[in-house]
Amino acid sequence: MSWETGVLYWLCLMSFVSFAAMGLDKRSARRGARRTPEKRLFLFAALGGAAGALAGMYLFRHKTRHWYFVLGFWALFLLQTGGIVYLLRR
């Protein structure tokens, strides 16, 4: 397996983790239970899970009113997408 393939697998894994974290945090918010810290949600997105974080944010309608989440996740998504394009065009 090449390192490029490993990076793509990592991005898929982190997207799944980010998506799940958004869903679990929304569930916790509805129940009034202990929440996932916002820093952790951003960390998962920054570590490669921006696509999953965006999908979870809009699918679960979670954190969409917080401008820093919307802009931050979109910025991370664009950076990660640019990295993927760079890897695939090499």
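Predicted model only: the values in this text are computed from it and were never measured.

**Student:** What is the right way to look at the overall build of the protein chain in this model?
**Tutor:** Assigned secondary structure in the protein chain consists of three helices and zero strands. Principal-axis analysis of the C-alpha atoms gives the protein chain an extent of 45 × 25 × 20 Å. Put simply, the protein chain has 90 residues, and 32% of those count as buried. In the protein chain, once contacts between residues fewer than 6 apart in sequence are set aside, the share between residues at least 24 apart is 70%. Approximately 6200 Å² of the protein chain is accessible, and the part contributed by carbon and sulfur atoms is 66%.

**Student:** Would you mind showing me how to read the nonpolar core here?
**Tutor:** Most often, soluble globular proteins have nonpolar side chains that are buried together. Listed in full, the twelve residues of the largest apolar core are A21, M22, L41, A45, A50, A53, L54, M57, F69, V70, F73 and L76. If one sorts the elements of this core by residue count, helix α2 (residues 38–59) sits on top with six residues. Apart from the residues within four sequence positions on either side, A45 is in contact with S18, A50, A53, F73, L76 and Q80.

The rules behind each value
Residues numbered from 1 in each chain as written. Predicted model: local features only at pLDDT ≥ 70, side-chain atom pairs only at ≥ 80, totals over all residues. Heavy atoms only, no water. Helix = DSSP H or I, 4+ residues; strand = E, 2+ residues; numbered from the N terminus. Buried < 20%, exposed > 50% of the residue type's maximum accessible area, 1.4 Å probe, protein only. Contact = heavy atoms within 4.5 Å. Areas by Shrake-Rupley, 256 points an atom, 1.4 Å probe, with all protein chains shown as cover. Core = buried A, V, L, I, M, F, W, Y, C linked by side-chain atoms within 4.5 Å.

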